[in-house]
Amino acid sequence: MDVNKIRQLSVNMNSNHVLREAYQTGAAAFGAAEHFSDNSQLYFSLGGDFPSSAMAFPIVVRGKIAGILYSDINEELSDKPDLVTLLNLACKTAGMTID
């Protein structure tokens, strides 16, 4: 993946995609990638294939979202029952460490 392309990435937070869900709720957002109607625009921007599952985890520092960790896989989340829990824990730990 082209690092410069990622640095120049701009995401419309008014579109219905997994990043917006995590941003608006302040909580982990995950599920079938097709659940979020505008995810295809996000994947096109990232230059990847449309995955089976998408996840977004806010990194909260001092009560504000400092970043969002995005991950996707070409498997159903039910096949990886611990994945969401582990990534969510990692983001919570990152937020506390930064604070």
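Residues numbered from 1 in each chain as written. Predicted model: local features only at pLDDT ≥ 70, side-chain atom pairs only at ≥ 80, totals over all residues. Heavy atoms only, no water.

Undergrad: Any chance you could break down the overall build of the protein for me, citing the residues and the numbers?
TA: Within the protein, the regular secondary structure consists of four helices and three strands. Its helices and strands taken in sequence order, the protein reads α-α-β-α-β-β-α from the N to the C terminus. Taken against the 2.2 N^0.38 rule, which gives 13 Å for 99 residues, the C-alpha radius of gyration of the protein at 13 Å falls within 12% of a compact globule. Principal-axis analysis of the C-alpha atoms gives the protein an extent of 35 × 35 × 25 Å. Residues counted as buried form 28% of the 99 residues belonging to the protein. Considering only contacts in the protein between residues 6 or more positions apart, those separated by 24 or more positions represent 43%. If you average the places of the 7 positive and of the 11 negative side-chain charges in the protein, the two averages end up 13 Å apart. (Helix = DSSP H or I, 4+ residues; strand = E, 2+ residues; numbered from the N terminus. Rg over C-alpha atoms; globule rule 2.2 N^0.38 Å. Buried < 20%, exposed > 50% of the residue type's maximum accessible area, 1.4 Å probe, protein only. Contact = heavy atoms within 4.5 Å. Lys, Arg positive; Asp, Glu negative; His and termini not counted. Charge placed at Lys NZ, Arg CZ, Asp CG, Glu CD.)

Undergrad: Outline the pattern of salt bridges, listing residues and values.
TA: Here the structure, examined in full by the defined rule, presents two salt bridges. A salt bridge links Arg62 to Asp99; its shortest N-O distance comes to 2.7 Å. Placement of Arg62 in the loop between strand 2 (53–61) and strand 3 (64–73) and of Asp99 in the segment after helix 4 (83–98) is noted, with a sequence separation of 37 residues between them. Notably, a salt bridge pairs Lys80 with Glu75, separated by 3.9 Å at the nearest N-O pair. Its relative accessible area of 36% is what places Lys80 among the partly exposed residues. (Salt bridge = Lys/Arg side-chain N within 4 Å of Asp/Glu carboxyl O.)

Undergrad: Could you give an account of helix 2 (residues 18–25), naming the residues involved and the relevant values?
TA: Within the span of helix 2, buried status applies to Val18, Leu19 and Ala22. An end-on view of helix 2 places all buried positions within 105° of arc, on one side of the element. Where helix 2 is buried, its residues meet strand 1 (29–32), helix 3 (39–46), strand 2 and strand 3. Of the residues trailing helix 2, Gly26 is marked for its positive phi of about 70°. (Arc of directions from axis to C-beta.)

Undergrad: I'd like a description of the pairing of strand 2, backed by residues and values.
TA: Burial within strand 2 is extensive, with eight of its nine residues counted as buried. Bridge count between strand 1 and strand 2: four bridges; the pairing is antiparallel. Across the sheet, the residue bridging to Gly31 is Ala54, located in strand 2. One ladder, built from nine bridges, connects strand 2 with strand 3; its direction is antiparallel. Following the sheet pairing, Pro58 is matched in strand 3 by Ile68. What sits between strand 2 and strand 3 in their antiparallel hairpin is a turn of two residues, with Arg62 showing a positive phi close to 55°. (Pairing = 2+ DSSP bridges.)

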